[in-house]
Amino acid sequence: MPAYAIAHLQDAAPHPEIAEYIERIPATFEPYGGSFLVHVTPHEVKEGSWPGAVVVIGFPGIQEARAWWDSPAYQEIAPLRSRHIKGDIILVEGVSEGYDPAASARALRDALPPA
């Protein structure tokens, strides 16, 4: 199953270290099959609030995403970002091809107490 690194970045101010981070990050995820799917492109908030920017990096699987995050190459450059940008970053597995949300709904209904 595919996996994703998703970043919700806030309060980013221009800084030379941020530019360096952006220049160097592809070389850290490409060995793990990663690629940018979303990179600070405009987003449209439909519900709630979502200040800041969104970054999504796709990977072939969760193991590759974890290996990238833990890699010495990424950990070396991560402070270039974290010193200047607040944010939340998650790794998440996608769904398999042919995923059926009806099966999840059935499982949820089965877990409900009898009415």
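Sequence order as written defines the numbering, with residues in each chain counted from 1. In keeping with the predicted nature of the model, local features appear solely for residues at pLDDT of at least 70, side-chain atom pairs appear and are counted solely at 80 or more, and the whole-chain, interface and lining totals rest on all residues. Processing note: side-chain calculations cover all non-hydrogen atoms of the structure and skip hydrogens and water entirely.

**Some thoughts on the pairing of strand E1 (residues 3–10)**
What counts, and what does not: The pairing criterion for strands is at least two bridges between them, as found by DSSP. Per the convention used, a helix needs a DSSP run of H or I reaching at least four residues, while a strand needs a run of E reaching at least two, with both numbered from the N terminus.
Bridge analysis of E1 against strand E3 (residues 53–59) gives seven bridges, and the strand direction is antiparallel. The residue of E3 that forms the bridge with Ile6 is Val56.

**Structural notes on the packing of aromatic side chains**
Let me state the cut-off plainly: Working definition: rings of Phe, Tyr and Trp (its six-membered ring) pair if their centres are within 6.5 Å, and the pair is stacked with planes under 30 degrees apart, edge-to-face with planes over 60 apart, and tilted otherwise. Relative accessibility under 20% of the residue-type maximum defines a buried residue, over 50% an exposed one, and the middle range a partly exposed one, all with a 1.4 Å probe and only protein chains included.
The full count for this structure, using the stated rule, is six aromatic pairs. The interplanar angle of 45° and the centroid separation of 4.5 Å between the aromatic rings of Trp68 and Tyr74 together place this pair among those described as tilted. Among the residues examined, Tyr74 registers a relative accessible area of 1% and is labelled buried. Within the aromatic cluster, the residues linked to one another by ring pairs are Tyr21, Phe59, Trp68, Trp69 and Tyr74.

**Describing the packing of helix H2 (residues 62–70) against helix H3 (residues 72–82)**
Our working definition: With axes taken as lines fitted to C-alpha atoms, and helix axes fitted only over the stretch in contact, angles between N-to-C directions fall between 0 and 180 degrees. Should any heavy atoms of two residues lie within 4.5 Å, those residues are considered in contact.
Two elements in contact, H2 and H3, have axes whose closest approach is 5 Å; the angle formed by their N-to-C orientations is 65°. From H2, Trp68, Trp69 and Asp70 reach across to H3, where they touch Pro72, Tyr74, Gln75 and Arg81.

**Considerations on the side chain of His8**
We count it as follows: The term polar contact refers here to a pair of N or O atoms within 3.5 Å; inside protein, the definition further demands a hydrogen-donor-capable atom paired with an acceptor-capable atom, and it admits residues adjacent in sequence only when both atoms are side-chain atoms.
Here His8 lies in strand E1. In this structure His8 comes out as buried when scored by relative accessible area, which is 12%. In this structure the side chain of His8 is engaged in a polar contact, spanning 3.2 Å, whose partner is the side chain of Trp50. A distance of 2.5 Å separates a polar atom in the side chain of His8 from the backbone oxygen of Pro51. Excluding residues that lie within four positions of it along the chain, His8 makes contacts with Trp50, Pro51, Ala53, Lys86, Gly87 and Asp88.

**Structural notes on the environment of Ala73**
With respect to the helices and strands, Ala73 occurs in helix H3. A residue is classified by how much of its surface remains accessible, and Ala73, at 38% relative accessible area, is partly exposed. Taking C-alpha positions, Ala73 is 13 Å from Glu23, a pair spaced 50 residues apart along the chain.

**Quick notes on H2**
Residue pairs spaced three or four apart in an α-helix point in one direction, given the helix's 3.6 residues per turn. What counts here: Read the arc as the range of directions from the helix axis to the C-beta atoms.
Those residues of H2 that sit buried are Ile62, Ala65 and Trp68. The buried residues of H2 occupy one face: seen down the axis, they fall within an arc of 125°. In H2, the exposed residues that point more than 90 degrees away from the buried face are Gln63 and Asp70. On its buried face, H2 is in contact with E1, helix H1 (16–29), E3, H3 and strand E4 (86–93).

**Side note on unusual backbone geometry**
A positive phi is found at Asp11, a non-glycine position, where the angle reads about 55°. By the secondary structure assignment, Asp11 is in the loop between E1 and H1. Overall, the relative accessible area of 53% leaves Asp11 in the exposed class. Residues other than glycine seldom take positive phi values, yet Val40 does so here, at roughly 55°. Position of Val40 among the secondary structure elements: in the loop between strand E2 (35–39) and E3. Overall, Val40 belongs to the partly exposed group, its relative accessible area being 48%.

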